[in-house]
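Fold and geometry: a report
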Amino acid sequence: MPPMDDKRADSLVPDAIRTLLAELGEDPSRDGLLGTPDRVRRMYAELTDGYRTDPETIFNGADFEVDYDAMVVVRDIEFYSLCEHHLLPFFGKAHVGYLPQGRVIGLSKIPRVVDMYAHRLQVQERLTQQVASFLMERLEPKGVGCVIEATHLCTVMRGVRKQEATMVTSAMLGTFRRDARTRGEFLTFIGRTAER
Ligand SMILES: [Zn+2]
């Protein structure tokens, strides 16, 4: 079991937060901060619940046999994640498309796949790749595309690299990688031009 489910986390995490508060120059025993260590523990447990999501529960009975092969696109999937370098949020929108090969999944399941990986400590490139790879393995489509646009608080809050406030990453697998027309169709669907 991952650590946050461990009963030890109930005291270890609050202890660590109290240490952090003291190191920041704060008094962890003052009124406003008394409940903070346990609140932070519960918050991180929630924001990292993707480590404990069972992928089987996402796909269980939710995929269907079909005989069409038109591209399926879900765009503007809102997500929130934590950057593993600073433990600060990065958030934005994910756009996911795939070209079915006999199987499709209920549309509401794709945001759950994004959440499963977003609710972990992440870097945006890996999040993008993991969403695409997961669908490629589970649905065995002809191809998958995933584009993520996100703002990183570790960049904008600290005032560095303002011009790169929004970062765009993409993962193209199967026909989305091989076939420029398929890739172009996907990028048009999600409102981006096929410049890459
Ligand atoms: Zn960061």
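Just above sits the structure.
Attention in this report is confined to the structure presented alongside it.

Calculation notes
- Residues numbered from 1 in each chain as written.
- Predicted model: local features only at pLDDT ≥ 70, side-chain atom pairs only at ≥ 80, totals over all residues.
- Heavy atoms only, no water.
- Pairing = 2+ DSSP bridges.
- Helix = DSSP H or I, 4+ residues; strand = E, 2+ residues; numbered from the N terminus.
- Contact = heavy atoms within 4.5 Å.
- Axes fitted to C-alpha atoms, helices over the stretch in contact; angles between N-to-C directions.
- Buried < 20%, exposed > 50% of the residue type's maximum accessible area, 1.4 Å probe, protein only.
- Phe/Tyr/Trp six-rings, centres within 6.5 Å; stacked < 30°, edge-to-face > 60°.

Taking strand neighbours across the sheet as the criterion, the five strands line up as E5-E2-E3-E6-E7 in an open arrangement whose pairing is mixed. In the strand order of this sheet, the two ends are held by strand E5 (121-122) and strand E7 (166-174), each with one partner. On the sheet, helix H5 (residues 109-118) packs against strand E2 (72-83), strand E3 (89-99) and E5 and is oriented at approximately 20° with respect to E2.

For the rest of this paragraph, the subject is the pairing of E3. Counted residue by residue, E3 has eight buried out of eleven residues, so it is predominantly covered. Across nine bridges, the pairing between E2 and E3 is antiparallel. Across the sheet, the residue bridging to Phe 79 is Gly 92, located in E3. The hairpin formed by E2 and E3 contains five residues between the paired strands, and Leu 87 there has a positive phi angle of roughly 55°.

Here we take up the packing of aromatic side chains. Using the criterion set out here, one finds five aromatic pairs in the structure. Ring geometry for Phe 59 versus Phe 134: centroids 5.5 Å apart, planes at 85°, classification edge-to-face. Here Phe 134 lies in helix H6 (residues 124-139) and Phe 59 lies in helix H4 (residues 55-59), a separation of 75 residues in the sequence. This pair shows no difference in class: Phe 59 is buried, exactly as Phe 134 is. Between Tyr 117 and Phe 134, the ring centres sit 6.0 Å apart and the planes meet at 70°, which makes this aromatic pair edge-to-face. Residue Tyr 117 is found in helix H5, and its partner Phe 134 is found in helix H6; the two are separated by 17 residues along the sequence. Each member of the pair Tyr 117 and Phe 134 is classed as buried. Among the aromatic residues, those joined into a ring-pair cluster are Phe 59, Tyr 117 and Phe 134.

A positive phi angle, close to 60°, is found at Asp 76, a residue other than glycine. As for its placement among the helices and strands, Asp 76 is situated in strand E2. Classification of Asp 76 by relative accessible area gives partly exposed; the value is 41%. For Glu 140, which is not glycine, the phi dihedral falls at a positive 45°. Residue placement: Glu 140 occurs in the loop between H6 and strand E6 (143-152).

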